[in-house]
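Descriptive structure summary
Spelled out, the chains give:
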Amino acid sequence: MEDHNEMLKFYFRWPDAILDAIQRSQELPSLTKPSLLAVIGMGGSAIGGDLLRDLLYNQSDVPIYTCRDYHLPAWVGPNSLVIAVSYSGNTEETLMAFSEAFKRGCKLVAITSGGILGQLCTELKVPIVRIPKGYPPRAALPYLFIPMCVLGERVGLAKGLIDQAKKAAKTLRSMLVSIREKAKRIAKRLVGTIPVIYGFGIFKSVAYRLKTQFNENSKVPSFANWFPALNHDEVVGWEGEEELLEKFSVILIRSQDEPLEIKRRIELTREVALHKVSEILEIWSKGKTPLEQMMSVLLLGEIASICLALLRRVDPLKVRTIDIIKKHMLELQFSEDIRRRLLKLQGRYKVTITL
Ligand code: F6R
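Because the structure is predicted, anything quoted here is derived from the model rather than measured.

1. Looking at the side chain of Asn217
Tracing the backbone through its elements, the reader meets Asn217 in the loop between helix H8 (204-216) and strand E7 (223-227). Overall, Asn217 belongs to the buried group, its relative accessible area being 0%. Polar side-chain contacts of Asn217 include one of 3.0 Å to the side chain of Ser305.

So, in structure tokens, the structure goes:
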């Protein structure tokens, strides 16, 4: 297996990227506590919203919602803080939802490396966390997610998030020494299977994110779910025929801090449901604080998805099918609608946008 893959470099930068992302977020203005926090974005740019929701599940009295669509729900309004996230700044769904948020008078902040979103924000005086160019969006996760944590702390959703992020950088740095070997061991067991990832609590969206990384990096179908929900429906699917189920492997996300009831559900599921799958693996979180634990599972799991790509002799960097669909969507008249909305803003606020 080729070890010097381009993609791995980005992941080895994650500890520095976390610290840099904290630094870049310092420019954000002070904002009052909103009644709702909505994150708009797609794919690798959206996941930070889900991670923040899980992280602050027990702390924030403000609901956190991720909008992965062209349109904002009706209940997002002037008292909402909307974080528009697009690594490229050119994702049509995000631009459309951004223009809706602007029209509704929502408080807006953007996280982007530039593109049309960057240009619009500068013209409309929307505060922006500008992140470095040159990453595949998904590999820039610390840049896309950590500014949300900083903002969450700033607007009073929770305390100590910046501190947790600094600790996460330290924990991830300590993991780098042996991570390649660990990730390779995981990847070897996943070859030829469809990985299914099960999380719980703060690891619900971590599981979903890992599923997307097996899709994008390894080029395999993959699915995710969480405890206790999966014990009430999905688990019955594992009663299926051996020839079908042996095509799957299951990754269980574990933590020393998992509640007793979750621990028992994981054990029971292993015992009564998962005996026909090809492999059952466990990824144990590292560190004490929730953010450290989430980031530690992400880093190991994502590097495993790259190792799986290399074992399968596919390029983890390329996402050909996403690119083809994006290209074709640009040709369709649908993007005209977004263009019209943006030009309307342009007329009102004298913005110059070249589309
Ligand atoms: C590619 C990736 C995708 C993109 C998504 C949105 O690495 O992860 O999921 O993040 O297509 O594009 P951006 O992030 O540029 O708004």
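There is more to say, and it comes next.
2. Thoughts on the pattern of salt bridges
Tallying each qualifying case throughout the model produces 19 salt bridges. Measuring nitrogen to oxygen at the nearest pair gives 3.5 Å for the salt bridge that ties Arg104 to Glu100. We classify Arg104 as partly exposed; its relative accessible area is 29%. With its nearest N and O atoms 3.9 Å apart, the salt bridge here joins Glu216 to Arg138. Taken as a pair, Glu216 in helix H8 and Arg138 in the loop between strand E5 (128-130) and helix H6 (141-154) lie far apart in primary sequence, 78 residues in all. Each member of the pair Glu216 and Arg138 is classed as buried. When salt bridges with common partners are traced through the structure, they connect Asp50, Arg53, Asp54 and Arg68 into a single cluster.

3. Some remarks on the site of the ligand
As a structural note, the neighbourhood of the ligand is formed by 13 residues, with Ser45, Ser86, Ser88, Thr91 and Arg138 the closest of them. Here Glu216 contributes a side-chain N or O atom positioned 3.1 Å from an oxygen atom of the ligand. For the ligand, whose free accessible area comes to 400 Å², the fraction covered by protein is 94%. A majority-of-atoms criterion places the ligand in the largest pocket. The class makeup of the residues in the shell around the ligand is 4 nonpolar, 6 polar and 3 charged.

4. Some words on the nonpolar core
As a rule of thumb, nonpolar side chains are buried together in soluble globular proteins. Ranked by internal contacts, the top residues of the largest apolar core, which has 98 residues, are Tyr11, Ile18, Phe145, Ile146, Trp238 and Met295. Per-domain counts for this core show at least three residues from each of domain 1 (6-162 + 322-349) and domain 2 (178-311). When near neighbours in sequence (up to four residues on either side) are disregarded, Tyr11 contacts Arg138, Ala139, Arg209, Gln213, Asn217, Leu299, Glu302, Ile303 and Ile306. Counting 27 residues, the second largest nonpolar core, distinct from the first, contains Cys67, Tyr70, Val76 and Leu342.

5. Side note on the domain arrangement of the protein
By a widely used convention, the size of an interface equals the accessible area lost when the partners come together. What the domain assignment lists for the protein is domain 1 (6-162 + 322-349) and domain 2 (178-311). Taking only C-alpha atoms, the centre of domain 1 and the centre of domain 2 are 27 Å apart. Facing 22 residues of domain 1, the contacting portion of domain 2 comprises 21 residues. Buried area between domain 1 and domain 2, summed over both chains or domains, comes out near 2,000 Å², and the portion from carbon and sulfur atoms is 73%. At the boundary of domain 1 with domain 2, the tally comes to 1 salt bridge. Here domain 1 and domain 2 share 6 residue pairs in polar contact (both at pLDDT 80 or more) between them. Those elements giving two or more residues to the side of domain 1 that touches domain 2 turn out to be helix H1 (6-12), helix H2 (14-24), helix H3 (47-55) and H6. With 6 residues, the top contributor of residues to the side of domain 1 that touches domain 2 is H3. Classifying every residue of the side of domain 1 that touches domain 2 gives 16 nonpolar, 1 polar and 5 charged.

6. A look at the packing of aromatic side chains
The tally for this structure, following the rule as stated, stands at 7 aromatic pairs. Seen in terms of ring centroids, Tyr65 and Trp75 are 4.8 Å apart; in terms of plane orientation they differ by 70°. Their pairing is edge-to-face. You can see Tyr65 sitting in strand E2 (residues 64-67) and its partner Trp75 sitting in the loop between E2 and strand E3 (80-86), a full 10 residues away along the chain. A ring pair is formed by Tyr135 and Tyr143, whose centres lie 5.7 Å apart and whose planes are at 75°; its orientation type is edge-to-face. Given a relative accessible area of 10%, Tyr135 falls into the buried group. Taking relative accessible area as the criterion, Tyr143 reaches 5% and is therefore assigned buried.

7. Some words on a negative patch on the surface
Residues Glu241, Glu242, Glu243 and Glu246 make up a contiguous surface patch of negative charge. With respect to the helices and strands, the residue Glu246 is situated in the loop between helix H10 (242-245) and strand E8 (248-254).

8. Here's the deal with the layout of surface pockets
Looking at the largest pocket, its volume works out to about 1,400 Å³. Along the walls of the largest pocket sit 45 residues, with Met42, Thr91, Ile322, Asp323 and Lys326 positioned nearest its centre. Elements with a minimum of two residues in the lining of the largest pocket: helix H4 (92-103), H8, helix H13 (320-331) and helix H14 (334-349). It is H13 that contributes the most residues to the lining of the largest pocket, 8 residues altogether.

About the thresholds
- Numbers given to residues run from 1 along each chain, matching the order in which its sequence is written.
- Note on the predicted model: pLDDT of at least 70 is required for a residue's local features to be given, and 80 or more for side-chain atom pairs to be given and counted; whole-chain, interface and lining totals, by contrast, use all residues.
- Neither water nor hydrogens contribute to the side-chain values; these are computed over all heavy atoms in the structure.
- Secondary structure elements are taken from DSSP: a helix is a run of H or I of four residues or more, a strand is a run of E of two residues or more, and numbering for both begins at the N terminus.
- A 1.4 Å probe rolled over the protein chains alone gives each residue an accessible area, and that area as a share of the maximum for its type sets the label: buried under 20%, exposed over 50%, partly exposed in between.
- Polar contact is the term for a pair of N or O atoms within 3.5 Å; when the atoms are in protein, one must be able to donate a hydrogen and the other to accept it, and sequence-neighboring residues count only if both atoms are side-chain atoms.
- Any Lys or Arg side-chain nitrogen located within 4 Å of an Asp or Glu carboxyl oxygen qualifies as a salt bridge.
- The criterion for a residue being near a molecule or strand is simple. One of its heavy atoms has to lie within 4 Å of it.
- In these tables, accessible area is a Shrake-Rupley quantity obtained with a 1.4 Å probe, and a residue counts as shielded only by the protein chains included in the view.
- In this analysis a 1.4 Å probe is tested at points of a 1 Å grid over the protein atoms alone, and where it fits but cannot get out there is a cavity; an open set with protein on both sides within 12 Å along at least five of seven lines is a pocket; lining residues have an atom within 4 Å of a point.
- Assignment of a molecule to a cavity or pocket requires that more than half of its atoms lie within 2 Å of the corresponding grid points.
- Residue polarity follows a fixed list, in which Ala, Val, Leu, Ile, Met, Phe, Trp, Tyr, Cys and Pro are nonpolar, Asp, Glu, Lys and Arg are charged, and the others, Gly among them, are polar.
- For our purposes a nonpolar core is just a set of buried Ala, Val, Leu, Ile, Met, Phe, Trp, Tyr and Cys residues, chained together by side-chain atoms within 4.5 Å.
- Residue ranges assigned to each domain were obtained from an automatic or database domain assignment.
- Throughout, a residue-residue contact means that at least one pair of heavy atoms, one from each residue, lies within 4.5 Å.
- When two components associate, each loses some accessible surface as probed by a 1.4 Å sphere; the sum of these losses over both components is called the buried area.
- Here a Phe, Tyr or Trp ring, Trp counted by its six-membered ring, pairs with any other such ring whose centre lies within 6.5 Å, and the pair is stacked when the planes are under 30 degrees apart, edge-to-face when over 60, and tilted otherwise.
- Patches here are clusters of residues that have more than 30% relative accessible area and form no salt bridge, with a 9 Å joining cutoff for like charges and a 5 Å cutoff for nonpolar side chains (Val, Leu, Ile, Met, Phe, Trp, Tyr).
- In this count, Lys and Arg are taken as positive residues and Asp and Glu as negative ones, while His and the chain termini are left out.
- Throughout, a charge is located at the NZ atom of Lys, the CZ atom of Arg, the CG atom of Asp or the CD atom of Glu.
- Grid points are joined across faces, edges and corners, and a volume is the space filled by probe spheres set on the points.

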